[in-house]
Amino acid sequence: MWETIVIQPFLNVLLLINSLVGNFGISIILFTLLVRLITHPLTVKQFKATQGMQQLQNDPRYKKIMEKYKDDKERLSQEQMKLYKELGINPLGSCLPTLIQFPLILGLYQSVVRAMAASPVELFRLAQSIYPGFINPVAVLPLQNRFLWMDLGQPERLTVFGFGIPVLAILVVITTFLQTKLIEPPSSNGGQAEMMTKSMNIYMPLLMGFMAYSLASGLALYFLASNLIGIAQYSILGRANWKNILPFLKGKETDPIQGKTPVQVVDVVPEEVPQKPSHAKTTQATGKRMTKPQKQRYDRRKK
Amino acid sequence: MKKPHILIIGMLVGLTFVLSACAPGPRVSGTPGLELSGDQAFVAYGNSLYALKANSGTVEWTYPEESKNTVLFFAQPLVVDDNVFVGDVAKTFHKIDRSNGNSVWTFTGANGYFIGQANEGHGMVFAPNNDGNLYALDLQGNLQWVFETQHFIWSQPQIGPDAVYLSSMDRFVYAISTDGKQLWAKEMAGAVVASPVLSEDAGTLFVGSMGSDFVALKTTDGQLAWSFTAQNSIWGQAILADNKLYFADTGGFLYILDPLSGAEKSRVEIGEPVIGGLIALPDGIALVTEKGNLKVLEFDGSTRWEARISGNVFQRPVASDDYLMVAAVDGDNMIYAFDVQSGAQKWSVTPKK
């Protein structure tokens with residue numbers, strides 16, 4: 001089932017690309033790009049939903065519900081659902097696209113592994129996976145595993161003055177770090193989520209670097225391409241927090257969501273407070289925001 | 001350690017597990033390499049090389065004594081006199097004492113997996129490698145020369161009086177002088193998995209490719225003597241027996257040709273892909289299909305006996321005067337031994353330490 005629905009189509013497309021460009025390294029890059037483009041709408045949905053959930057955490061009504069029903073889980077969940085409904089937030093909105101994307105990314109990885117057949121049994125099974133008449137297996141198999149200085153079937157090392165330097169692994173560590181840093185939310189409340197994000201920023205690049213160091217360089221190339229495409233994707237979506245890695249940008253605040261210099265937003269308006277029309281930028285998920293003067297008026301009324 | 005750190009590490013270890021399940025261990029999968037010599041069978045698979053008693057399948061010794069995860073065997077061993085030669089996918093080529101399984105020497109100068117079977121001649125051992133190189137070692141394990149091709153070498157080099165003949169996945173068949181210089185190269189229609197076959201007078205070399213072409217080449221200059229086109233890809237080694245040339249293809253056909261002219265004498269439908277090739281017996285031929293149908297045929301292609309074994313087979317059978325053995329993967333057992341005359345199964349075993 002998995003083989004028929006995911007691996008086989010992926011493999012055939014990968015081999016088709018290879019038959020067109022004649023270079024497996026470039027084929028991996030183009031194939032990764034293609035899969036990322038196909039899953040782009042899901043990525044957008046996921047970002048939007050995540051963003052909505054993040055902003056919900058700061059909603060006073062949400063905080064109030066959490067505080068009020070902290071000892072009654074059932075009621076808490078009912079009230080949360082009510083609030084989700086009211087604000088038009090789907091709590092599974094960020095999970096579902098991820099759940100759909102994960103098998104595709106795993107399939108992409110597996111098809112790259114499978115295409116680098118390095119033994120007769122692997123090559124025979126690869127040849128059997130090709131759709132009859134789709135491409136000529138004799139013309140494309142076995143794939144040419146040389147790309148730049150690399151043997152794509154072996155871990156990569158660039159020999160400089162007798163030392164084997166794992167260039168790809170280093171690039172994978174750097175780009176994984178950049179990617180995780182760029183999507184790190186600007187919050188600084190010191191909560192558990194933030195601590196987890198910070199831990200992820202350290203461990204994830206190390207893990208990916210280790211894998212790029214020890215696995216075949218074809219896979220390391222895939223990790224690198226995937227990271228670079230991911231960074232480009234976040235930037236295009238305006239989701240990249242460049243100030244996380246370029247601190248001098250902090251003086252020129254950029255809204256990571258809209259990608260534009262925002263009106264200074266300080267809080268989310270609770271539902272019961274009447275509002276005057278505002279020109280402040282709003283977001284799809286949380287809707288209403290206040291500018292500083294509005295906030296001051298609201299605080300005065302509250303008192 | 002803080003809770004989030006533990007959680008993150010746990011998640012990443014899980015991710016590593018998932019990804020490494022996609023590309024297990026040394027990132028290559030293979031099949032057992034089996035060789036039969038006298039009263040011993042040698043099986044190279046997984047972390048060990050096993051010496052088995054041919055009459056019972058009992059393990060006599062394993063190499064290395066303590067199996068290591070870094071050593072993984074998929075190549076067919078070569079047995080010469082008192083020694084066993086075999087390469088692994090950790091890029092090491094081993095010479096092992098046949099009597100006790102002790103290492104004599106190792107060669108670690110290759111850059112890829114050893115998948116193809118080595119061969120011996122002219123005082124050297126020729127070890128093909130996935131880095132595209134053929135390594136010529138003297139019998140003490142010292143590198144004599146390296147011959148470079150452009151892709152994996154999965155076939156066994158053939159030793160002629162003045163040259164070594166080699167087929168490569170780069171689609172070429174090469175003749176190499178005994179000091180490592182290329183004498184000639186002939187391009188085939190597809191990658192060449194099959195080992196070439198040298199005729200007895202060493203005047204002609206026969207080989208087929210994944211591109212379905214089967215050729216006879218003059219060993220002196222690589223000129224084409226004749227060519228034949230099969231219906232499907234040719235993966236297995238051909239054999240010369242009873243003045244005929246036999247080979248099979250992945251479409252399940254056995255071809256019987258005249259070795260002098262290439263004229264087709266007969267075509268037998270086997271019905272299943274043949275990957276591992278054929279073997280000559282004193283009074284017939286044997287082959288095994290990828291799906292495990294072992295057949296012993298008369299020289300005219302008619303079936304003498306057949307047996308079905310469990311598993312997939314990628315190597316041709318091996319035979320002695322008494323036994324015919326087959327190595328399989330994904331089956332009930334790994335090694336199956338049959339009485340070569342009657343076809344009665346003698347034993348089957350998955351060797352363990």
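Residues numbered from 1 in each chain as written. Chains lettered and ligands numbered in written order. Predicted model: local features only at pLDDT ≥ 70, side-chain atom pairs only at ≥ 80, totals over all residues. Heavy atoms only, no water.

An unreviewed UniProt entry annotates chain B as Putative cell surface protein/ lipoprotein of Candidatus Brevifilum fermentans.

The name an unreviewed UniProt entry assigns to chain A is Inner membrane protein translocase component YidC, short form OxaI-like protein, from the organism Candidatus Brevifilum fermentans. UniProt lists a comment for chain A under the heading Sequence similarities (unreviewed entry), and it reads "Belongs to the OXA1/ALB3/YidC family." (UniProt positions renumbered as here; feature names shortened; annotations may be inferred.)

Caption draft 1: Examining the overall build of chain A more closely. Scanning chain A from N- to C-terminus turns up 12 helices and 4 strands. Expressed as a percentage of its 303 residues, the buried residues of chain A come to 47%. Contacts in chain A between residues at least 24 apart in sequence constitute 67% of all its contacts with a sequence separation of at least 6. Accessible surface, chain A: about 16,100 Å² in total, of which carbon and sulfur atoms supply 64%. (Helix = DSSP H or I, 4+ residues; strand = E, 2+ residues; numbered from the N terminus. Buried < 20%, exposed > 50% of the residue type's maximum accessible area, 1.4 Å probe, protein only. Contact = heavy atoms within 4.5 Å. Areas by Shrake-Rupley, 256 points an atom, 1.4 Å probe, with all protein chains shown as cover.)

Caption draft 2: Seen up close, the UniProt feature "domain: Pyrrolo-quinoline quinone repeat" (unreviewed entry) in chain B. All names here are of chain B. Per the UniProt entry, the sites bearing "domain: Pyrrolo-quinoline quinone repeat" (unreviewed entry) are residues 32-145, 173-251 and 254-349 in this numbering. When the span residues 32-145 is considered, its composition is 0% helix and 50% strand, and the gap between its end C-alpha atoms is 28 Å. Span residues 254-349 is 0% helix and 49% strand, its end C-alpha atoms 29 Å apart.

Caption draft 3: Quick look at the packing of aromatic side chains. Applying the stated criterion across every chain, the model contains 28 aromatic pairs over all chains. Ring geometry for A:F124 against B:W235: centres 5.6 Å apart, planes inclined by 90°, an arrangement best described as edge-to-face. Of the two residues, A:F124 is situated in helix α7 (residues 120-129) and B:W235 in the loop between β20 (224-229) and β21 (239-241); the pairing between them involves two chains. Taking relative accessible area as the criterion, B:W235 reaches 4% and is therefore assigned buried. For the pair B:F247 and B:Y255, a centre-to-centre distance of 5.0 Å together with 20° between the ring planes defines the contact as stacked. Of the residues examined, B:F247 reaches a relative accessible area of 0% and is grouped as buried. Here B:Y255 falls in the buried class, since its relative accessible area comes to 0%. An aromatic cluster of three or more residues is present, and its members are B:F206, B:F214, B:W226, B:F228, B:F247, B:F253 and B:Y255. Directly above the aromatic system of A:Y213 lies the positively charged group of A:R157, at a separation of 3.9 Å from the ring centroid. (Phe/Tyr/Trp six-rings, centres within 6.5 Å; stacked < 30°, edge-to-face > 60°. Lys NZ or Arg CZ within 6 Å of the ring centre and 35° of its normal.)

Caption draft 4: Just helix α4 (residues 60-68) of chain A, in detail. Residue and element names in this part refer to chain A. Within α4, the full set of buried residues consists of R61, Y62 and I65. Down the axis of α4, the sector holding all buried residues measures 100°, keeping them to one side. Facing away from the buried side of α4, by more than 90 degrees, are the exposed residues K64 and E67. Tucked into the core, α4 has its buried residues touching α3 (40-56) and α5 (73-87). By the N-cap criterion, in which a side-chain oxygen at the helix start approaches the backbone nitrogen of a residue two or three places on, α4 is capped by D59, the distance to R61 being 2.8 Å. (Arc of directions from axis to C-beta. Polar contact = N/O pair within 3.5 Å; in protein donor to acceptor, adjacent residues only side chain to side chain.)

Caption draft 5: Structural detail: the sheet that holds strand β15 (residues 172-177) of chain B. Reading across the sheet, the 4 strands line up as β13-β14-β15-β16 (chain B) and stay open at both edges, with antiparallel pairing between neighbours. The sheet is open, and its two borders are formed by β13 (158-159) and β16 (182-187) of chain B, each paired with just one other strand. (Pairing = 2+ DSSP bridges.)

Caption draft 6: Looking closely at the sheet that holds strand β28 (residues 303-308) of chain B. Residue and element names in this part refer to chain B. With antiparallel pairing, the 4 strands of this open sheet are ordered in space as β25-β26-β27-β28. Two strands bound the open sheet, and with one partner strand each, they are β25 (278-281) and β28. Ignoring strand direction, the axes of neighbouring strands in this sheet form an average angle of 15°. Relative to strand β27 (residues 293-297), strand β26 (residues 284-288) runs antiparallel, the two being bridged by 4 bridges. Residue L287 lies in a different strand from β27, and its bridge partner there is K295. (Axes fitted to C-alpha atoms, helices over the stretch in contact; angles between N-to-C directions.)

Caption draft 7: Examining the pairing of strand β19 (residues 213-218) of chain B more closely. Residues and elements named next belong to chain B. Burial of β19 is extensive: 5 of the 6 residues sit out of reach of the surface. The antiparallel pairing of strand β18 (residues 204-208) with β19 creates a hairpin that spans 4 residues between the two strands, and S212 there sits at a positive phi of about 75°. Here β19 pairs with β20 via 5 bridges, running antiparallel. Residue F214 lies in a different strand from β20, and its bridge partner there is F228. The turn linking β19 back onto β20 is made up of 5 residues, and G222 within it adopts a positive phi angle of 80°.

Caption draft 8: Up close: the UniProt feature "transmembrane region" (unreviewed entry) in chain A. Residues and elements named next belong to chain A. Mapped onto the present numbering, the UniProt feature "transmembrane region" (unreviewed entry) falls on residues 20-38, 87-109, 160-182 and 202-225. Along residues 160-182 one finds 70% helix and 17% strand; the C-alpha atoms at either end are 32 Å apart. Here residues 202-225 runs as 92% helix and 0% strand, with 20 Å between its end C-alpha atoms.

Caption draft 9: The domain arrangement of chain B, seen in detail. Residues and elements named next belong to chain B. What the domain assignment lists for chain B is domain 1 (31-118) and domain 2 (119-349). Measuring from the centre of the C-alpha atoms in domain 1 to the corresponding centre in domain 2 gives 20 Å. Contacts between the two partners involve 33 residues from domain 1 and, on the opposite side, 36 residues from domain 2. Interface of domain 1 and domain 2: buried area, both sides summed, is about 2,700 Å²; carbon and sulfur atoms make up 69% of it. Per-residue buried area on domain 1 facing domain 2 is highest for L34, L36 and F107; these three make up 21% of the total on that side. Elements represented by at least two residues in the side of domain 1 that touches domain 2 include exactly β1 (33-37), β2 (40-45), β3 (48-53), β5 (78-80), β7 (93-97) and β8 (103-107). The greatest single-element share of the side of domain 1 that touches domain 2, amounting to 4 residues, is contributed by β1. When its residues are assigned to classes, the side of domain 1 that touches domain 2 shows 19 nonpolar, 11 polar and 3 charged. (Domains from an automatic or database assignment. Buried area = accessible area lost by both parts, 1.4 Å probe. Nonpolar A, V, L, I, M, F, W, Y, C, P; charged D, E, K, R; others polar.)

Caption draft 10: Local environment of the packing of helix α2 (residues 24-38) of chain A against helix α11 (residues 217-236) of chain A. Residues and elements named next belong to chain A. Across the interface, α2 lies against α11 with an axial gap of 9 Å and an inter-helix angle of 40°. With respect to their mutual orientation, α2 and α11 come out oblique. Two packed elements cross with a definite hand, and for α2 against α11 that hand is right-handed. Residues G25, I28, I29, T32, L33 and R36 of α2 form the contact with α11, whose own contacting residues are G218, L221, Y222, A225, S226, I229, G230 and Q233. Residue classes in the contact of α2 with α11 are distributed as 7 nonpolar, 6 polar and 1 charged. (Parallel < 35°, antiparallel > 145°, perpendicular 65-115°, else oblique. Left-handed = near helix turned anticlockwise from the far one by under 90°.)

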